[in-house]
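Reading the structure
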Amino acid sequence: MPRTVSVDVAQVGPATSQAVARNHTVLIDRPVEKGGDDRGPLGGELLLMSLGGCFVSTLLAAIRTREVMVSDVRVSVTGTVGGVPERFEAMTLRVTAKYDDEDLMRKLLSIAERGCLVTNTLKDAVLITVDLEKR
């Protein structure tokens, strides 16, 4: 049976909205140069944050489950915008971490990519690339 995930979003300023997920609140706004007050990230930036956050939490769960020596995990997410109307055409996750076994680390990245709700949602609409660098 399908499960649902919900958030509430309400206007709190001329260009600002407030999103609430469970007990967490995030402001979403446009930069000043685009008519906003810069009180929070753009929706597109939040999409990239969602991708990175989902990927990292899934990766950390895979690391914990296997009790492997991986630490200092960081992910930088970049979106390439193009098209008419504008949309993300590609997203790249640049993963850095401290690890000893590169083959195992690449396997963990694959597990995280397959297990992340956001990558599974976006992968048919946008090219998602995962790059690995050793810290």
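Summary of the structure given here. (Residues numbered from 1 in each chain as written. Predicted model: local features only at pLDDT ≥ 70, side-chain atom pairs only at ≥ 80, totals over all residues. Heavy atoms only, no water.)

Thoughts on the nonpolar core
Grouped together as the largest cluster of nonpolar side chains are 27 residues, with contacts concentrated most on Leu59, Val70, Met91, Met105 and Leu108. Counting residues per element, the ones that place at least two in this core are α1 (43-66), β4 (70-82), β5 (87-99), α2 (102-115), α3 (117-122) and β6 (127-134). Apart from the residues within four sequence positions on either side, methionine 105 is in contact with Leu59, Val70, Val95, Ala97, Tyr99 and Leu132. (Core = buried A, V, L, I, M, F, W, Y, C linked by side-chain atoms within 4.5 Å. Buried < 20%, exposed > 50% of the residue type's maximum accessible area, 1.4 Å probe, protein only. Helix = DSSP H or I, 4+ residues; strand = E, 2+ residues; numbered from the N terminus. Contact = heavy atoms within 4.5 Å.)

Remarks on a negative patch on the surface
There is a patch of like negative charges on the surface, built from Glu33, Asp37, Asp38 and Glu45. Along the chain, the position of aspartate 37 falls in the loop between β3 (24-28) and α1. (Patch = residues over 30% accessible without salt bridge, like charges linked within 9 Å, V, L, I, M, F, W, Y side chains within 5 Å. Areas by Shrake-Rupley, 256 points an atom, 1.4 Å probe, with all protein chains shown as cover. Salt bridge = Lys/Arg side-chain N within 4 Å of Asp/Glu carboxyl O. Lys, Arg positive; Asp, Glu negative; His and termini not counted. Charge placed at Lys NZ, Arg CZ, Asp CG, Glu CD.)

Let's talk about the sheet that holds strand β2 (residues 17-21)
Strand order in the open sheet made by the three strands is β1-β2-β3, with antiparallel pairing throughout. With one partner strand each, in any of the chains shown, β1 (8-11) and β3 form the two edges of the open sheet. If you compare each strand with its neighbour and ignore which way they point, the axes differ by 20° on average. Pairing of β2 with β3 involves five bridges; the strand directions are antiparallel. In the strand pairing of β3, glutamine 18 is matched with leucine 27. (Pairing = 2+ DSSP bridges. Axes fitted to C-alpha atoms, helices over the stretch in contact; angles between N-to-C directions.)

Distances and angles like these do not, on their own, reveal function.
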